[in-house]
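Given next are the chains, with one letter for each unit.
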Amino acid sequence: MKIQFLGTAAAEGFPGSFCNCEYCQNVRNLGEKYYRTRCQSIIDGKILIDMPADTYFHFLKYGIRGDQIKTVIFTHTHADHFYPNELDMRGAGYGKNMEVQKLNLLIPKDATERINGLYKHTKDIMNVVVAEPYKTVKFGDYEITPLKARHGYGVIHANIYLIKKGDKAFLYGHDTGYFYDEVFDYLKDNNVYLSGLTLDCCYASLPISDEGGHMGYPNVERVLNRLEELGVIDGNTKRVINHFSHNVNPVQEVIEKESKHLNCIVAYDGMTLEI
Ligand SMILES: [Zn+2]
Ligand SMILES: [Zn+2]
Ligand SMILES: [Zn+2]
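Residues numbered from 1 in each chain as written. Chains lettered and ligands numbered in written order. Predicted model: local features only at pLDDT ≥ 70, side-chain atom pairs only at ≥ 80, totals over all residues. Heavy atoms only, no water.

Visitor: I'd love a proper account of the overall build of the protein chain, names of residues and values included.
Guide: Within the protein chain, the secondary structure is distributed over seven helices and 14 strands. Whereas a compact globule of 275 residues would reach a radius of gyration of roughly 19 Å, the protein chain reaches 18 Å, a difference of no more than 12%. Oriented by its inertia axes, the alpha-carbon framework of the protein chain measures out at about 50 × 50 × 35 Å. Relative to its 275 residues, the protein chain shows a buried fraction of 56%. The long-range share in the protein chain, meaning contacts at least 24 apart out of those at least 6 apart in sequence, stands at 68%. (Helix = DSSP H or I, 4+ residues; strand = E, 2+ residues; numbered from the N terminus. Rg over C-alpha atoms; globule rule 2.2 N^0.38 Å. Buried < 20%, exposed > 50% of the residue type's maximum accessible area, 1.4 Å probe, protein only. Contact = heavy atoms within 4.5 Å.)

Below you can see the structure in the form of structure tokens.
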């Protein structure tokens, strides 16, 4: 399984779209290499996870052919993950000669209304499945299981996702606070072994409670320790931290230095991970 991290920032981006704080000023001077766009990933060039407004730019920058994407998974409806109107550019005069006609969509319950509001021609070529936590959905070779995210900020149905293909399993853990007990229980009871995972680290060194909707280094460390105790991950599991806020000065080298004790790979825009 090949995971590419297309965007690795929190909602505002880094630099923030309207921000002039010292960190954002600094990163503007450092230049494009250090920029972080809104959170999005793609698996094997076929499964797109979330669609922020930056999706079109990501397709151009990383040479992604939208017409080859078979499945789009939405974690939740915050704008930095959910700009479904881009899907209206498929079919009927907008998207021609597409390799994949029927697109699978896995959406949280709150997304239903916005998806129903898309053009009819868009919906006609989509297979929409509403995600039920802990109920596995099969799309081709991939088994995808929504797990409940502890997120909030006005969103009721937010999911993180367990994605399996053959003997490989990957956990996509954005946006969430410290995992619910039922998530740990699910992973343990189903004997899940993760070859890789990516965890929310929006707050990095800033304090954030378990209910805060995101995580920082201490929360991430506790999630990793508990998963290790349960045998869900081990020394061979590739661990990534991602989804950084401008408030933490997420310059790559800064986060790498601060998070050394976690033994995690610090995601950056365009990074690929093979598991
Ligand atoms: Zn987010
Ligand atoms: Zn800023
Ligand atoms: Zn969010």
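Visitor: Which residues make up the packing of aromatic side chains, and what are the values?
Guide: Applying the stated criterion across every chain, the model contains five aromatic pairs. Pairing phenylalanine 74 with phenylalanine 82 gives two aromatic rings, centres 4.9 Å apart and planes at 80 degrees, and the pair type is edge-to-face. Take phenylalanine 74: its relative accessible area is 0%, and that puts it in the buried class. Counting every residue linked through ring pairs, the aromatic cluster contains Tyr178, Phe179 and Phe184. (Phe/Tyr/Trp six-rings, centres within 6.5 Å; stacked < 30°, edge-to-face > 60°.)

Visitor: Provide a residue-level description of the coordination of the zinc ion (ligand 2), including the pertinent values.
Guide: The textbook angles at a metal center are 109.5 degrees for a tetrahedron of four donors and 90 or 180 degrees for an octahedron of six. Here the zinc ion (ligand 2) is held by the protein donor atoms Cys19 (SG), Cys21 (SG), Cys24 (SG) and His246 (ND1), which lie 2.0 to 2.3 Å from it. Between the four donor atoms coordinating the zinc ion (ligand 2), the angles at the centre fall across 103 to 116 degrees, so the site counts as tetrahedral. Going along the chain, you hit the donors of the zinc ion (ligand 2) in the pattern C-x1-C-x2-C-x221-H. Note that cysteine 21 is positioned in the loop between strand E1 (2–7) and helix H1 (22–30) and histidine 246 in the loop between strand E12 (238–242) and helix H7 (252–258), a separation of 225 residues in sequence. (Donors = N, O, S within 2.8 Å, 3.2 Å for Na, K, Ca; no water. Tetrahedral: all angles 85-135°; square planar, octahedral: opposite > 155°, others 65-115°.)

Visitor: Go over the coordination of the zinc ion (ligand 3) with me, naming the residues and quoting the values.
Guide: Those donors, His76 (NE2), His78 (ND1), His151 (NE2) and Asp175 (OD), are the protein atoms that reach the zinc ion (ligand 3), and they lie 2.1 to 2.6 Å from it. Because the angles between the four donor atoms bound to the zinc ion (ligand 3) fall within 91 to 172 degrees, the donor set is best described as irregular. A gap of 3.6 Å separates the zinc ion (ligand 3) and the zinc ion (ligand 1), which aspartate 175 links by coordinating each metal. Note that histidine 76 is positioned in the loop between strand E4 (71–73) and strand E5 (103–107) and histidine 151 in the loop between strand E8 (142–148) and strand E9 (159–165), a separation of 75 residues in sequence. For histidine 151, a relative accessible area of 6% gives the class buried.

Visitor: Could you give an account of the packing of helix H5 (residues 181–189) against helix H6 (residues 217–229), with specific residues and numbers?
Guide: Closest axis-to-axis distance for the H5/H6 pair is 10 Å, and the angle between their directions is 30 degrees. The angle between the axes of H5 and H6 places the two elements in the roughly parallel class. Between H5 and H6 the crossing geometry is right-handed. For the pair H5 and H6, contact is made by Asp181, Phe184 and Leu187 and by Val223, Arg226 and Leu227, respectively. Of the residues in the contact of H5 with H6, the class split is four nonpolar, no polar and two charged. (Axes fitted to C-alpha atoms, helices over the stretch in contact; angles between N-to-C directions. Parallel < 35°, antiparallel > 145°, perpendicular 65-115°, else oblique. Left-handed = near helix turned anticlockwise from the far one by under 90°. Nonpolar A, V, L, I, M, F, W, Y, C, P; charged D, E, K, R; others polar.)

Visitor: Account for unusual backbone geometry, with residues named and values stated.
Guide: Along the chain, phenylalanine 14 connects to proline 15 via a cis peptide bond; the corresponding omega equals 5 degrees. Position of proline 15 among the secondary structure elements: in the loop between E1 and H1. The omega angle of the peptide bond from histidine 174 to aspartate 175 is -15 degrees, so this bond is cis rather than trans. Relative to the helices and strands, aspartate 175 resides in the loop between strand E10 (168–173) and H5.

Visitor: For the sheet that holds strand E3 (residues 47–49), give the residues involved together with the corresponding values.
Guide: The seven strands lie next to each other as E6-E5-E4-E3-E2-E1-E14, forming an open sheet whose pairing is mixed. Either end of the sheet is taken by a strand with one partner, and the two such strands are strand E6 (126–130) and strand E14 (272–274). Along the sheet, successive strands turn relative to each other by an average axial angle of 20 degrees, direction set aside. As paired elements, E1 and strand E2 (residues 40–43) share four bridges and run antiparallel to each other. In the strand pairing of E2, phenylalanine 5 is matched with serine 41. (Pairing = 2+ DSSP bridges.)

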